[in-house]
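Observations on the model geometry
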Amino acid sequence: MSVTTPILKPRRYHNIGRRITIAPIFFFIIIATVWAAFNRQFITDQITVWQYDMPPAVEELADDSGMNNHGKFLFHASRPELNDREEFNKNCTMREQQAIVLGCYVARRIYIFDVTDERVKGVRTVTAAHEMLHAAYERLDARERKELNKILEKQLAQTTDQELLDIVKLYTEAEPGQELNELHSLFATNLADLLSELENYYKKYFTDRGRVVAVYQKYHEVFTSLNTRAKELSNSLNDQNAAIAAATLQHERDMKQLASDVSEFNRCAQIMNCFASHAAFDRARAALIVRQNNLQNMADQINAQIEQYNINVAELNALGIEVQKLNQSIDSHAPMIE
């Protein structure tokens, strides 16, 4: 009797093989789903970057500011626009008292006022970096923001730049609760020297942060030099005015006294023996002539002072118009000056 060995079909093994193959796929799907949940903003940003065709003029601002790839990514993801006056005022409706709005970050979009004055066009580059950092601050998680805020507060405590402190005060009054958000942008673009821990943090967004600070300092110097000269002229005019007034008063007194003395000399000249001798007469007359000449010289000096005063007044007025034009060029709400 022969024994027949049954043929075993490898179904069980086949099924096991299928489970081993399918399990990693489900595991990958789970991992991908979790990753997507925690990186939803990055995915949204990436899709926006792929879809948004950034204008070359705007892209140039990112390059000029020293942004690195991550900074440019956030800038690009915010779909930045350069706006003329009308467009900018429609997109950036918030106005700050005693401050000029140069850009805004609204609904995760960046709008930049297109300043065209060549002397201060750098303001667009600085504004681009400033607004990009608002996008960056918004994307920090609670833990990251808490740690960063501590560093920002530490930097603020050591900051002596009065102009920056005044800006912070304006933000405190206009947008209470947003001071640290604004400091996060201001420190990066306005201050050359920062705490090492803050400087290291900004390396997340800039290859060379010094570039945007240099641009800020260059256009800021235009305003600073004009304001400094205007202040110098104003102070000088006050001093000149006081000197002219004092000299004029003294001249009037001396002229009045000279007129009285000349009258007395003429009266005495009509009286016999009023002068002891002809030589005494000549000496008195010569003294009056010297005084008269001195007062004429004094009058010439006063007139020269008045002429210089008027020249300085004209320069101050011209500077005032220049400052107005510059302010108008960066203020989308300012009236146009011809």
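Definitions and cut-offs
Throughout this description, residue numbers start from 1 for each chain and increase along the sequence as written. Thresholds applied to this predicted model are a pLDDT of at least 70 for local features of residues and 80 or more for the giving and counting of side-chain atom pairs; totals over whole chains, interfaces and linings are not thresholded and use all residues. Derived side-chain values reflect all non-hydrogen atoms in the structure, with water molecules and hydrogen atoms excluded from consideration. Throughout, the protein atoms alone are placed on a 1 Å grid, and a set of points is a cavity if a 1.4 Å probe fits but cannot get out or a pocket if it is open with protein on both sides within 12 Å along at least five of seven lines; lining residues have an atom within 4 Å of a point. Grid points are joined across faces, edges and corners, and a volume is the space filled by probe spheres set on the points. Each helix is a run of DSSP H or I of at least 4 residues and each strand a run of E of at least 2, with the numbering of both proceeding from the N terminus. Residues are grouped as follows: nonpolar covers Ala, Val, Leu, Ile, Met, Phe, Trp, Tyr, Cys and Pro; charged covers Asp, Glu, Lys and Arg; every other residue, Gly included, is treated as polar. One less than the number of residues in a helix, times 1.5 Å, gives the span that helix is expected to have. A residue's bend is given by the angle between axes fitted to the 7 residues ending at it and the 7 residues starting at it. Values of pLDDT, which run from 0 to 100, indicate the predictor's confidence residue by residue. In this description, contact between two residues means that some pair of their heavy atoms is separated by no more than 4.5 Å. Between any two strands, pairing holds if DSSP finds at least two bridges. To obtain each axis, a line is fitted to C-alpha atoms, and for helices this fit is confined to the stretch in contact; angles are then taken between N-to-C directions over 0 to 180 degrees.

Taken as a whole and judged by the stated rule, the model has 1 cavity of 30 Å³ or more. Estimates place the volume of the largest cavity at around 30 Å³. Forming the boundary of the largest cavity are Asp-161, Glu-163, Leu-164, Ile-167, Asn-190 and Tyr-216. Here the element with the most residues in the lining of the largest cavity is helix H8 (residues 162-174); it accounts for 3 residues. Of the residues that constitute the lining of the largest cavity, the class distribution is 3 nonpolar, 1 polar and 2 charged.

Attention now goes to the layout of surface pockets. The gaps left among the atoms become clear once a water-sized probe is rolled over them. Considering only enclosed or pocket space, the second largest pocket measures out at about 230 Å³ in volume. Surrounding the second largest pocket, 13 residues form its lining, Phe-42, Asp-45, His-70, Leu-74 and Arg-139 being those nearest its centre. Contributions of two or more residues to the lining of the second largest pocket are made by helix H2 (40-51) and helix H4 (69-77). Partitioning the lining of the second largest pocket into residue classes produces 6 nonpolar, 3 polar and 4 charged.

Moving on, we come to helix H11 (residues 210-269). For H11, built from 60 residues, the straight-helix expectation of 88 Å at 1.5 Å per residue is met to within 8% by its first-to-last C-alpha distance of 84 Å. The sharpest bend along H11 comes to roughly 30°, located at Glu-221.

Now for the confidence of the model for the protein chain. Summary statistics for the protein chain give a mean pLDDT of 87 and a share of 86% for residues scoring 70 or more. Per-element mean pLDDT across the protein chain ranges from 44 in helix H1 (residues 11-38) up to 98 in helix H10 (residues 196-202). When the criterion is pLDDT under 50, residues 1-20 qualifies, and its contacts beyond four places in sequence or with other chains add up to 0 contacts.

Moving on, we get to the sheet that holds strand E2 (residues 103-106). Taken together, the 3 strands give an open sheet; going across it, the order is E1-E3-E2, and neighbouring strands pair in mixed fashion. Where the open sheet ends on each side, the last strands, each with one partner, are strand E1 (81-83) and E2. With direction set aside, neighbouring strand axes in the sheet form an average angle of 25°. Of the strand pairs in this sheet, E1 and strand E3 (residues 109-113) are connected by 3 bridges, and their pairing is parallel. Looking at E3, one finds that Asn-83 is bridged to Phe-113.

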